Amino acid sequence: MKEIFNVAYTTDLLIFGIDSRKNANTRSLPKKYFSILLVKRDKEPFMNRWCLPGGFVNYDETSKLASSRILKKETGFENVYMQQLKVNDTVDRDPRGRVVSVSYMALIDRTLLKGEMSENASWFDIEILENGETYQVSLTNGEEIVNFVVERKAIDLKSEEYSYEIVNKSDLAFDHDELIIEGIMALRNKVNNTDIVFNLMPQEFTIGELKQVYELLLNKELVNSAFRRTIADKVVLTDKMIKTGGHRPSVLCKYNEKGN
């Protein structure tokens, strides 16, 4: 008779956000920032280390319902875009024993945040330096910095499937540095192939603001003319204008739900 062993069932949540901050130069447009929400653990294992929000799935919950519960607890947000990323079942990923986790990605326009977040939660700005297949990832909340280095390896070039190996691990708890880079790359792929970016935008925005967000997520500068062709059918113009800094007024747009 085979030995029966227990497997814990958990969820990890990658909460990505976009916000705007004023530049010192008042004539410049506000700068956009791409960030992820982390929480500091208040118990072992990994006491006082940063990690992704997450927790155990209750007996009467699905992993998605558990993720929604955790999202509300940490941010106060409900009914936001959320998508399952992967099942994480590496044998030794948790020192407490065998733990299988389902990770989800949630996308938030941080300007809509009004309530208080959990006291142990903090937004970390994301910066990635790319050198070929090597990614140097830096996360900072203005006081603390989390760094790790990743190498991308092809699993199947025909399907553009890759794995991401951590070659210089951070102090993040568990395997969360690996989950973070996988989530960022999954989001980047969807930005190229879907309209997912609009889940990070306010209802009304300028073309310049939208271009900033695309550039943040894709981690590269985009040519204005090519970008406008790319999003031509994705947005519709409103009859509203907005003036920022010393620039001439810009037309506000909104997502074209009938465009696709």
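Refer to the structure above for everything that follows.
Residues numbered from 1 in each chain as written. Predicted model: local features only at pLDDT ≥ 70, side-chain atom pairs only at ≥ 80, totals over all residues. Heavy atoms only, no water.

### Some points on the pattern of salt bridges
On inspection of all chains with the given rule, the structure shows 18 salt bridges. The closest approach of N and O atoms between R21 and D19, which form a salt bridge, is 3.0 Å. The class of R21 is partly exposed, set by a relative accessible area of 29%. If you follow the salt bridges from partner to partner, you end up with D19, R21, R110 and D125 in one network. (Salt bridge = Lys/Arg side-chain N within 4 Å of Asp/Glu carboxyl O. Buried < 20%, exposed > 50% of the residue type's maximum accessible area, 1.4 Å probe, protein only.)

### Considerations on the side chain of D195
Along the chain, the position of D195 falls in the loop between helix 2 (176–193) and helix 3 (207–218). Within polar-contact distance, the side chain of D195 engages the side chain of K234 at 2.5 Å. (Helix = DSSP H or I, 4+ residues; strand = E, 2+ residues; numbered from the N terminus. Polar contact = N/O pair within 3.5 Å; in protein donor to acceptor, adjacent residues only side chain to side chain.)

### Considering the nonpolar core
By size, the foremost hydrophobic cluster in this structure holds 44 residues, and its most contacted members are F16, L139 and L210. Top contributing element to this core by residue count: helix 2, with 7 residues. Grouped together as the second largest cluster of nonpolar side chains are 17 residues, L37, C51, I70 and W123 included. (Core = buried A, V, L, I, M, F, W, Y, C linked by side-chain atoms within 4.5 Å.)

### Examining the layout of surface pockets
Computed from the structure, the largest pocket encloses a volume of approximately 700 Å³. Along the walls of the largest pocket sit 22 residues, with E160, Y164, M185, A186 and N189 positioned nearest its centre. Those elements giving two or more residues to the lining of the largest pocket turn out to be strand 5 (81–88), strand 10 (161–168) and helix 2. Counting residues per element, the lining of the largest pocket draws most heavily on helix 2, which supplies 8 residues. Looking at side-chain class alone, the lining of the largest pocket contains 6 nonpolar, 8 polar and 8 charged residues. Taken as a whole, the second largest pocket holds about 560 Å³ of empty space. R41, K43, C51, G54 and G55 are the residues nearest the centre of the second largest pocket, which is lined by 26 residues in total. For the lining of the second largest pocket, the elements supplying multiple residues, two or more each, are strand 1 (8–21), strand 2 (31–40), strand 4 (54–56) and helix 1 (63–75). With 4 residues, the single largest contributor to the lining of the second largest pocket is helix 1. (1 Å grid on protein atoms, 1.4 Å probe; cavity = no way out; pocket = protein on both sides within 12 Å on 5 of 7 lines; lining within 4 Å. Points joined across faces, edges and corners; volume = space filled by probe spheres on them. Nonpolar A, V, L, I, M, F, W, Y, C, P; charged D, E, K, R; others polar.)

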